[in-house]
Each structure stands twice: as C-alpha cells, then as structure tokens.
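Residue-level listing of the chains:
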Amino acid sequence: MSERNHKVRGVDHVAYPTFDPAGTVEFYRDVLGFPVVHSICAAGWGPEKHPDFIHFFFDIGNDDRLAFFYYFGLEPFEGGPQGDAYSRFADDVPIFFIRSRHLAIHVDTEEDLLDYRARLDGSNWPVEMQIQHETIESIYTHDPNGYMIEITRAMRPVTPQEDLDAELTIDALIDVVRGPEPSMANLLARKAELIVERAAQWVPSDDEVVAR
C-alpha cells in the first residue's frame, strides 16, 4: 500500500455532454432539487471549428457538483472507434466532445495541485494540460482506461452573484434550445430580457431599506 499523503478532498465535479439541456435541467433541478450553482457561456473558446457551448453545474451536496456541456449546433451521432474503455465514438466525433466526459477531483492549495502534477509527470500518464479558467486551476491527463481525469483547486469562491447569473443563463438556455434557432447570440439576448423582467425582484422594498 502507498504511504504517500492523501490530499484530495473528494469529487469537485463530474461532467458529461448533453443533447437535451432542457430535459437535463428539468430532471436534476426541478425533479431532484439540485440547484444550478454555476454556468459558463463559452463563446469563441477552443481551437478552430470548436462551437460555442454552455457548461453548467448542479450542486449535489458536500460542495460536490454534477456538470454538463451543451454545444450549439452539434447533432447526435452513432458510435465508433474513439473514446474510453466503455464508450466508443466514430472517427468524425469532435475530440472536444469526447473530452467533455471527465472526472474532476479537488485539492485545497496550489502546492497540492503542483504536487500531483509532479507525481503524474513522473509516471506513464504525464499531465497533458494545465489551465486556469474562471474560478479554478486544473491539470488534466488520461487514466489507463482512456478516461480524462482532472485535478483542480479553487482560485476564489464562487459568489452568490454568480449563482444568480447561472440561474439566468440556464433559464435563457432552456427557452432558446426549445426555439427554432439555438445559438449563443440568441441565448445572450434572451438572458438580457430575463434580467429586465426580473430586475424588480432584486430591488429592496422601502420597508426593507428602512429596516436596514
């Protein structure tokens, strides 16, 4: 048995692609009661031909999250030779879609993250990417089964304002994907409409102001 110090603190998030974000939100948020706690509107990210996408997260307790990717304009496809040990994808399935299926676990500090980087770089599975994105910094590699594994540390807490932004983003996403032309531009336009519609909810009443 290894005597190395155990520094990970459980699952940060598990991520999967979805072709049905509206049904996904209905199941996890509305049926199971897992709140949406963060979302990323990724317009123009990634290499050439990488589509715009939404990356959204559900709180599953214990500071753990379940996440999904929805790619605008990407249609469902059949299986084939790419992928991990249990899920195979055809040659024409984009690599970004395959890599969206990954397990992320978190550590407390940058020092811990770099410790795991050193361990991986000294093994048969060296780190393939180290990226800072929004609120976290992560290292990535593939395990012997072909699964993409992420180890991550928080650079700052996610704020209540960002939780509110996530809820607006997902409600706008549901409206847009149920319409005739899903796109990032239409999502942002719908999100702006929701902000205007809901603005009165966020303004304290005169009684609340006096009470403060």
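Residue numbers restart at each chain and count upward from 1, following the sequence in its written direction. At least 70 in pLDDT is required for a residue's local features to be given in this predicted model, at least 80 for side-chain atom pairs to be given and counted, and no such filter applies to totals for whole chains, interfaces and linings, which use all residues. Side-chain numbers here rest on the full set of heavy atoms in the structure, without hydrogens or water.

1. Digging into the nonpolar core
- Remark: nonpolar core denotes a set of buried residues (Ala, Val, Leu, Ile, Met, Phe, Trp, Tyr, Cys) joined through side-chain atoms within 4.5 Å. Each residue is placed in one exposure class: buried if its accessible area under a 1.4 Å probe, protein chains only, is under 20% of its type's maximum, exposed if it is over 50%, and partly exposed if it falls in between. Core analysis: the largest hydrophobic core is formed by 23 residues, its most contacted members being Ile 54, Phe 56, Phe 58, Phe 72, Ile 170, Leu 173 and Leu 187.
- By definition, any uninterrupted DSSP run of H or I lasting at least four residues is a helix, any uninterrupted run of E lasting at least two residues is a strand, and each is numbered from the N terminus. Taken together, the elements giving at least two residues each to this core come down to α1 (21-31), β3 (53-59), β4 (65-71), α4 (160-177) and α5 (184-198).
- Of the residues forming this core, the biggest block, eight residues, is contributed by α4.
- The contact criterion used throughout is that any non-hydrogen atoms of two residues lie within 4.5 Å. Ignoring sequence-local partners within four residues, the contact set of Leu 173 consists of Pro 21, Ile 54, Phe 56, Tyr 70, Phe 72 and Leu 187.
- Ile 40, Ala 90, Val 93 and Ile 98 belong to the second-largest nonpolar core, a separate cluster that totals 16 residues.

2. Some points on the packing of aromatic side chains
- Any Phe, Tyr or Trp ring, taking Trp's six-membered ring, that has another such ring centre within 6.5 Å forms a pair; planes under 30 degrees apart are called stacked, those over 60 apart edge-to-face, and the others tilted. Tallying each qualifying case throughout the model produces 19 aromatic pairs.
- Measuring from centroid to centroid gives 6.3 Å for Tyr 28 and Phe 34, while their planes differ by 25 degrees, and the two rings are stacked.
- Given a relative accessible area of 25%, Phe 34 falls into the partly exposed group.
- Ring plane angle 55 degrees and centroid distance 5.8 Å describe the contact between Tyr 71 and Phe 97, whose orientation is recorded as tilted. Taken as a pair, Tyr 71 in strand β4 and Phe 97 in helix α2 (residues 95-99) lie far apart in primary sequence, 26 residues in all.
- Through pairs of rings, three or more aromatic residues link up here, namely Phe 19, Phe 53, Phe 69, Tyr 71, Phe 77, Phe 89, Phe 96 and Phe 97.
- Only when the NZ atom of a Lys or the CZ atom of an Arg is both within 6 Å of the ring centre and within 35 degrees of the ring normal do we say a charge sits over the ring. Geometry around Tyr 116 places Arg 119 over its ring, the cationic atom sitting 4.5 Å from the centre.

3. Focus on the sheet that holds β3
- The eight strands are arranged β2-β3-β4-β1-β7-β10-β9-β8 in an open sheet whose pairing can be described as mixed. Since the sheet does not close on itself, it has two edges, and those belong to β2 (36-42) and β8 (129-133), each with one partner. Here the strands of the sheet are splayed against their neighbours by 20 degrees on average, with no regard to which way each runs.
- Strand pairing is assigned whenever DSSP detects at least two bridges linking the two strands. Across five bridges, strand β1 (residues 11-17) lies against β4 in parallel orientation. The residue of β4 that forms the bridge with Val 14 is Leu 66. Axis lines are fitted to C-alpha atoms, over the contacting stretch for helices. Their N-to-C directions set the angle, which ranges from 0 to 180 degrees.

4. A closer look at the pattern of salt bridges
- A pairing counts as a salt bridge when a side-chain nitrogen of Lys or Arg comes within 4 Å of a carboxyl oxygen of Asp or Glu. Throughout the structure, instances matching the rule amount to 17 salt bridges.
- Among the ionic pairs, Asp 171 bridges to Arg 29, the shortest N-O distance being 3.0 Å. Remark: Arg 29 occurs in helix α1 and Asp 171 occurs in helix α4; sequence separation between them is 142 residues. Comparing Asp 171 with Arg 29, the two get one shared label, buried.
- When salt bridges with common partners are traced through the structure, they connect Arg 29, Asp 30, Glu 167, Asp 171 and Arg 198 into a single cluster.

5. Comments concerning the environment of Thr 159
- You can see Thr 159 is positioned in the loop between β10 (148-154) and α4.
- With 29 residues separating them along the chain, Thr 159 and Leu 188 place their C-alpha atoms 21 Å apart.

6. Structural notes on α4
- Here α4 spans 26 Å end to end across 18 residues, near enough to the 26 Å set by a 1.5 Å rise per residue.
- Buried within α4 are the following residues: Glu 162, Ala 166, Leu 168, Thr 169, Ile 170, Asp 171, Ala 172, Leu 173, Ile 174, Val 176 and Val 177.
- Packed against the buried residues of α4 are α1, β2, β3, β4 and α5. For a helix, the expected span equals 1.5 Å multiplied by the residue count minus one.

7. Brief notes about the confidence of the model for the chain
- A residue's pLDDT is the predictor's confidence in that residue, given on a scale from 0 to 100. When pLDDT is averaged along the chain, the result is 88, and 95% of the positions lie at 70 or above.
- Here helix α6 (residues 206-211) is the element of the chain with the lowest mean pLDDT, 53, and α5 is the one with the highest, 96.

8. As for the pairing of β1
- Judged by how many residues are buried, β1 sits mostly within the fold: five of seven residues are covered.
- Two elements, β1 and strand β7 (residues 102-106), share four bridges in a ladder whose sense is antiparallel. Across the sheet, Val 14 pairs through a bridge with Leu 103, a residue of β7.

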